[in-house]
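# Working through the structure, step by step
These are the residues of each chain, in order.
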Amino acid sequence: MCGILAVLGSHDYSPTKRARILELSRRLRHRGPDWSGLFVDEQACCYLSHERLAIIDPTSGDQPLYNGNKSIVVAVNGEIYNHEALKKTMKKHDYHTQSDCEVIAHLYEEVGEDVVGMLDGMFSFVLVDLRDKSFIAARDPIGITPLYLGWGNDGGVYFASEMKALKDDCERFEVFPPGHLYSSKSGGLRRYFNPPWYSGTMIPNTPYDPTVLRTAFEKAVIKRLMTDVPFGVLLSGGLDSSLVAAVASRHLANSKAANVWGAQLHTFSVGLKGSPDLKAAKEVADYLKTKHHEFTFTVQDGLDAISDVIYYTETYDVTTIRASTPMFLMTRKIKALGVKMVLSGEGSDEIFGGYLYFHKAPNKEELHKETVRKIKALYMFDCLRANKSTSAWGLEARVPFLDQDFMSIAMAIDPAEKMIRKDEGRIEKWIMRRAFDTPENPFLPKHILYRQKEQFSDGVGYSWIDGLKAHAASQVTDRMLKHAKHVYPYNTPNTKEAYFYRMIFEKHFPQESARMTVPGGPSIACSTAAAIAWDKAWADNLDPSGRAALGVHDAAYSEVTPATTTTTTQSSHENVISANSFNNNNPLLGNILQPQGVQ
Ligand SMILES: *[C@@H]1O[C@H](CO)[C@@H](O)[C@H](O)[C@H]1NC(C)=O
């Protein structure tokens, strides 16, 4: 990943301002520690600053990037996987670098703003056309890469990869919505990403074909092996990351990436000593014969990192912080090995309805709509976590499940196929499992392929969440919690843990705009609207780690416990009801219902 900061339309081009821009840009340097570049043009009223993590063309791909005669300049955070394919269809241009991102400048010269819809990858960029002094800014369809925009007192519109670069110089700032384009010509934001599945109202009906789904996923992984630097796979041992590792290790030998760091795949896992994830990941790594690296941390290590985690991830969402911390700690060690890029399994639960409350989906229409809502909210939760907790140490995370082609195939499948049907042995994400169930040449052993996964934050060790709660309880008194609604009227924390994170967040980001970038709600931290609508009594029993939600986990397949039974067993699960699908204040998510009367 990289960090970008752009200021457009400012009236100030003094040396002091330039120094200030450099200072703000420096706050993003963790994202791109390899090189910095600042482009300033007073005539075109622009500052474009870039902090680079060099993954493709490390020697000459420094940014900003230009078209042939340098009349178009662009600062990009991202990877454009189809850059070679695009170049083949384009006119001849003089390329200055081998960078995959340079294609954006040349393509803009040919097609103008339509460039955004033609890119296959993850990206945020700001492009200035010096010919007419116009500019555009854009963010990838799902929001895999972060981007914020703000407005300063200098007349400037600001764009930055993380809000820490905007917070002190903008009067107001907000999240740049995924799949959108900001154009100075039309003076605002418009959504460019609009595939058939996106509205959620048309229920798709393509029959399930395991081979088509498998091939699409393999392509999505192979595409992401594009690298000139050492890389690996984050492996928790659950279905999603195991599939990524299985496909990557199978195709690595034939890819260019093998020249970089050998044909043996490197895999990484993290957990408390003896945690379920470490054990599961080891088993998968042994099977795939990867070069496996295990990192352990203690509850104290995690607690000590919380303030940093909140600073880098820029959120106070409970589930995100719990899961980001182990990832943040592991990333530092991965980086220390000289690795600059990892593949990761985010997105599968949203696309296939992998969260446990999907067991309660009453019909395929509801299930489909909920998957669409979950995908649209990813940029605030799992995409944010995966990107920012790795970028904190200059590591890039790539997420094959969120590949555009793969998603269009997966989201066109008749959602009846995603319904969980215990009687037929169909557990969650069954169509993905079935697609990779190829006995003649297995990707994974059957028991791993059909294993139910631990929630990441719990899978790292059950005492991690308990340790967080205990620590928060030692920092937040009953009285503090009682007064929470007066101290934090916006998104009032409703547990001591939430209060604890919020205090830290407010120290790093005291601005009103900052707290408004984070989703949440007074009494809904534990539920999604759908889960409540589908089964209120059941949803009420859940906490963000989903522990109280037995009956749909292992028990659902043991034939002993009916799916509707709630038990108190202290085993752990997926984040059944994450805080994750809500945002009762963000107009971008207006279609996510706010539940009424939920305590
Ligand atoms: C640079 O090239 C573009 C695209 O061909 C053209 O529109 C523009 O006038 C050129 N600018 C200069 C300064 O030559």
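These lines cover the structure that appears in this document, whether it is placed above or below. (Residues numbered from 1 in each chain as written. Predicted model: local features only at pLDDT ≥ 70, side-chain atom pairs only at ≥ 80, totals over all residues. Heavy atoms only, no water.)

### Description of the pattern of salt bridges
By the definition in use, this model includes 40 salt bridges. Residue arginine 27 pairs with aspartate 168 through a salt bridge whose shortest N-O separation is 3.0 Å. One end of the pair, arginine 27, is in the loop between helix 1 (15-26) and strand 2 (35-41); the other, aspartate 168, is in the loop between strand 9 (157-160) and strand 10 (170-175), and 141 residues separate them in sequence. Using a relative accessible area of 41% as the deciding quantity, one classes aspartate 168 as partly exposed. Each of the salt bridges in this network shares a partner with another, and the network as a whole consists of Arg31, Glu162, Lys164, Glu314 and Lys388. (Salt bridge = Lys/Arg side-chain N within 4 Å of Asp/Glu carboxyl O. Helix = DSSP H or I, 4+ residues; strand = E, 2+ residues; numbered from the N terminus. Buried < 20%, exposed > 50% of the residue type's maximum accessible area, 1.4 Å probe, protein only.)

### Topic: the packing of aromatic side chains
By the definition in use, this model includes 30 aromatic pairs. Centroid distance tyrosine 357 to phenylalanine 358: 4.8 Å. Interplanar angle 25°. Geometry classified as stacked. Phenylalanine 358 carries the same exposure label as tyrosine 357, and that label is buried. Three or more aromatic residues link up through ring pairs in this structure, and these residues are Tyr311, Tyr312, Tyr316, Phe328, Trp393, Phe505 and Phe509. Sitting over the ring of tyrosine 66, lysine 70 keeps its end group 4.6 Å from the ring centre. We note lysine 87 situated over the ring of tyrosine 95; from NZ or CZ to the ring centre the distance is 4.7 Å. (Phe/Tyr/Trp six-rings, centres within 6.5 Å; stacked < 30°, edge-to-face > 60°. Lys NZ or Arg CZ within 6 Å of the ring centre and 35° of its normal.)

### Description of the site of the ligand
The ligand sits among Asn69, Ser71, Glu109 and Arg131. In this structure, asparagine 69 approaches the ligand through a side-chain N or O atom, which is 2.4 Å from an oxygen atom. Protein chains bury 40% of the 360 Å² of accessible surface belonging to the ligand in isolation. Its residues assigned to classes, the shell around the ligand comprises no nonpolar, 2 polar and 2 charged. (Near = heavy atom within 4 Å. Polar contact = N/O pair within 3.5 Å; in protein donor to acceptor, adjacent residues only side chain to side chain. Areas by Shrake-Rupley, 256 points an atom, 1.4 Å probe, with all protein chains shown as cover. Nonpolar A, V, L, I, M, F, W, Y, C, P; charged D, E, K, R; others polar.)

### A look at the environment of lysine 340
In this fold, lysine 340 is placed in the loop between helix 10 (318-336) and strand 16 (341-343). As for lysine 340 and alanine 397, which are separated by 57 residues in sequence, their C-alpha atoms are 8.8 Å apart. Residues in contact with lysine 340, not counting those within four places in the same chain, are Asp34, Leu53, Ala54, Ile55, Val229, Pro230, Lys335, Gly394, Leu395 and Glu396. At 2.8 Å, the side chain of lysine 340 forms a polar contact with the side chain of aspartate 34. (Contact = heavy atoms within 4.5 Å.)

### What about the environment of alanine 248?
For alanine 248, the position within the fold is in helix 6 (residues 239-252). On the accessibility criterion, alanine 248 (0% relative accessible area) is buried. Expressed as a C-alpha distance, the spacing of alanine 248 and arginine 224, which sit 24 residues apart in the sequence, is 9.0 Å. The contacts of alanine 248, once residues within four sequence positions are left out, are Val221, Leu225, Val233, Leu265 and Leu343.

### Remarks on the sheet that holds strand 11 (residues 180-183)
If you walk across this open sheet you meet the 6 strands as 4-5-6-7-11-12, and the pairing is antiparallel. In the strand order of this sheet, the two ends are held by strand 4 (65-66) and strand 12 (188-191), each with one partner. With 9 bridges joining them, strand 5 (residues 72-80) and strand 6 (residues 121-129) adopt antiparallel strand pairing. Of the residues in strand 6, the one forming a bridge with valine 74 is leucine 127. Along the sheet, helix 3 (residues 103-111) makes contact with strand 4, strand 5, strand 6 and strand 7 (134-139), crossing strand 5 at roughly 125°. (Pairing = 2+ DSSP bridges. Axes fitted to C-alpha atoms, helices over the stretch in contact; angles between N-to-C directions.)

### Thoughts on the pairing of strand 1 (residues 3-8)
Summarising burial for strand 1: 6 of the 6 residues are buried, a large majority. Because side chains alternate across strand 1, one face comprises the buried residues Gly3, Leu5 and Val7, and the other comprises Ile4, Ala6 and Leu8, equally buried. Of the strand pairs in this sheet, strand 1 and strand 3 (residues 46-52) are connected by 6 bridges, and their pairing is antiparallel. Bridging from a neighbouring strand, leucine 5 pairs with serine 49 of strand 3. Summarising the sheet, strand 1 and strand 9 pair through 4 bridges and their orientation is antiparallel. When the bridges of strand 9 are listed, alanine 6 appears paired with phenylalanine 159.

Note that every value here comes from positions in space, so none of it alone points to a role or purpose.
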